[in-house]
Amino acid sequence: MTMRKPNLFSGMNQNLYTKTMIVTSYIDLIRSKILLQFFKFPYLQSLYQKRHHRIQIGFLFTIVFSLTLAVLRSDILLILGPFIYGYWHLATSYKHSSSLISSSFNLSNKQRYVLYGLAFVTFIEIFLHIYLRKYQGILLPNGFIGLSLALVFFLFLFLKQGTIKRLPHFFFFLSLGIGIILISWKEPLNFVSITLFAHNWIAFVAWGKFSRDKKNLRVSIVSLIIFALIHMIVISGFLDSYFYIYEDIFWKSSGHLDVAWLLAPWSDNDIVWRRALCLYTFGLSMHYFIWLKAIPENVYNNKTPVSFKKSFNSIYNSYGAILTYSFLSLSIIGIIIWGIWYEIGSYLYFTISNMHVWTELTMLFASFSIFGFSKKQLR
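Residues numbered from 1 in each chain as written. Predicted model: local features only at pLDDT ≥ 70, side-chain atom pairs only at ≥ 80, totals over all residues. Heavy atoms only, no water.

### Thoughts on the packing of helix H3 (residues 51-72) against helix H11 (residues 270-299)
When two helices pack together, their arrangement is given by the angle between the helix axes and by the axis-to-axis distance. What counts is decided by this rule: Lines fitted to C-alpha atoms define the axes, with helix axes restricted to the stretch in contact, and inter-axis angles between N-to-C directions lie between 0 and 180 degrees. In this text, helices come from DSSP runs of H or I with a minimum length of four residues, and strands from runs of E with a minimum of two, each type numbered from the N-terminal end. Here roughly perpendicular refers to angles of 65 to 115 degrees, roughly parallel to angles under 35, roughly antiparallel to angles over 145, and oblique to all remaining angles. Should the near helix be turned counterclockwise from the far one by less than a right angle, the crossing is left-handed, whereas a clockwise turn marks it as right-handed. We call two residues in contact when some of their heavy atoms are within 4.5 Å. Three classes are used: nonpolar for Ala, Val, Leu, Ile, Met, Phe, Trp, Tyr, Cys and Pro, charged for Asp, Glu, Lys and Arg, and polar for all others, with Gly counted as polar.
Closest axis-to-axis distance for the H3/H11 pair is 9 Å, and the angle between their directions is 160 degrees. Viewed along their axes, H3 and H11 adopt a mutual orientation that is roughly antiparallel. Seen from above, H3 lies across H11 with right-handed handedness. In contact with Arg51, Arg54, Ile55, Gly58, Phe59, Thr62, Ile63, Ser66, Leu67, Ala70 and Val71 of H3, H11 contributes Cys278, Thr281, Phe282, Ser285, Met286, Phe289, Ala294, Glu297 and Asn298. Across the contact of H3 with H11, the residue classes tally to eleven nonpolar, six polar and three charged.

Below, the structure written as structure tokens:
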């Protein structure tokens, strides 16, 4: 009788998983104690247990906080926003983007290969981007590589899952993507600006797509209207006088002036740059809220906010142990590099984030054309 050798990796994985559960349980415990203080008021408790109210309150709170910082200290949002939330929002964005093709949130085999496909094209984009920039000296319009790879993946999905009936929808979205690529060649600077702003609006489309019922859909639409109204207020110049109040203490390392120019390259007016910077940093904060809060709240049927333990288990069950802990390790390493060498850390993160824009767009293309998505089956 032969003895089976113990699976050391399996034991290590179980030990690591147990420790992760302990950490997330402590975080959930702290949050639950804070919530219990609010729940001493019956009205707040009943209000918070209704998902659509909970999301709307969170959205309004985030708007007030983020808009204030975007107007007075946009440099803080420009650095700390991506630094704190950036990598984590990428994880939830990729995970839930794969769910856009189906109403099942326990990932099927179909959703898994879509998820792995998204990760694969992201890796290829990063490799090509760094290789061409560092070794070949070839300068392509920003986003060209990422969008091209995303459209190739979109074509693959149609060949794998598409039907003749959906062919017109597929060609419409494929033509739209090709049109965006052509714009990148004709107007490279304006294309960068449009991409950065459009990225923040795309999340609202995904939010609406994930909305569980009419009440939650209404919340996403009202939130989008509020988001648009704030853009109109900023563009009108109503908040111009507040942009310079704390300028003397801005973090120069944030590169806010360079970013401000990049956001509005068609203008030489400093105030236009400031408005653009305000709107971009504010919109980025709302983008994080949607992928980290609004969409997960619609995915899971909870009377209270989704626990950190449940969020981790969702990603763990989707990615598997190796990919989950690899991603966590890379995220932590990326954040450490970002904290020590800001320029290198920023370059690494925004290279990944650039591809994330196109994978989001591709999955929305796929959900509206190739795959059906029925909210009636949401659990």
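### Looking at the confidence of the model for the protein
Quick reminder of the rule: pLDDT expresses how confident the predictor is about each individual residue, on a scale running from 0 to 100.
Of all residues in the protein, 89% have pLDDT values of 70 or greater, and the mean over the chain is 80. Confidence, read as mean pLDDT per element, is least for helix H2 (residues 42-48) in the protein (71) and greatest for helix H9 (residues 214-235) (94). Note that residues 1-9 has pLDDT below 50 and, in this model, one contact with residues that lie over four places away or in other chains.

### Notes on a nonpolar patch on the surface
Put simply, the rule reads: Every patch collects residues that have over 30% relative accessible area and no salt bridge, joining them within 9 Å if they carry like charges and within 5 Å if they are nonpolar side chains (Val, Leu, Ile, Met, Phe, Trp, Tyr). Working definition of accessibility: Shrake-Rupley area with a 1.4 Å probe, residue cover restricted to the visible protein chains. By definition here, a salt bridge exists when the distance from a side-chain nitrogen of Lys or Arg to a carboxyl oxygen of Asp or Glu is within 4 Å.
On the surface, a cluster of nonpolar side chains totalling about 670 Å² of accessible area is made up of Ile30, Ile34, Phe38, Phe41, Tyr43 and Leu44. Among the elements of the structure, helix H1 (8-38) and H2 are those that each provide at least two residues to the nonpolar patch. Sort the elements by how many residues they give to the nonpolar patch and H1 lands first, with three residues. With respect to the helices and strands, the residue Phe41 is situated in the loop between H1 and H2.

### Side note on the nonpolar core
In summary, soluble globular proteins display a tendency toward joint burial of nonpolar side chains. Stated precisely, the cut-off is as follows: Nine residue types can take part in a nonpolar core, namely buried Ala, Val, Leu, Ile, Met, Phe, Trp, Tyr and Cys, and a core is a set of them joined through side-chain atoms within 4.5 Å. Whether a residue is buried, partly exposed or exposed follows from its accessible area with a 1.4 Å probe, protein chains only, as a fraction of its type maximum: under 20%, in between, or over 50%, in that order.
Counting residues in each nonpolar core, the largest one holds 83 residues, and the members touching the most others are Phe154, Leu157, Trp207 and Phe282. With 17 residues, the top contributor of residues to this core is H11. What Phe282 contacts, discounting residues up to four positions off in sequence, is Ile63, Ser66, Leu67, Ala70, Leu77, Phe227 and Ile230. Within the second largest apolar cluster, six residues are counted, among which are Tyr17, Tyr316, Ala321 and Tyr325.

### Examining H9
Because each turn of an α-helix spans 3.6 residues, side chains separated by three or four positions in sequence point in the same direction. Operational definition: Each residue after the first adds 1.5 Å to the expected span of a helix. As used here, the arc is the angular range of directions from the helix axis to the C-beta atoms.
In a regular helix each residue adds 1.5 Å, so 22 residues correspond to 32 Å; H9 covers 31 Å between its end C-alpha atoms and thus fits that length. For H9, the set of buried residues is Asn216, Val219, Ser220, Ser223, Phe227, Ile230, His231 and Val234. Seen end-on, H9 carries its buried residues on one side only, within an arc spanning 115 degrees. Exposed residues lying more than 90 degrees from the buried face of H9 are Lys214, Arg218, Met232 and Ile235.

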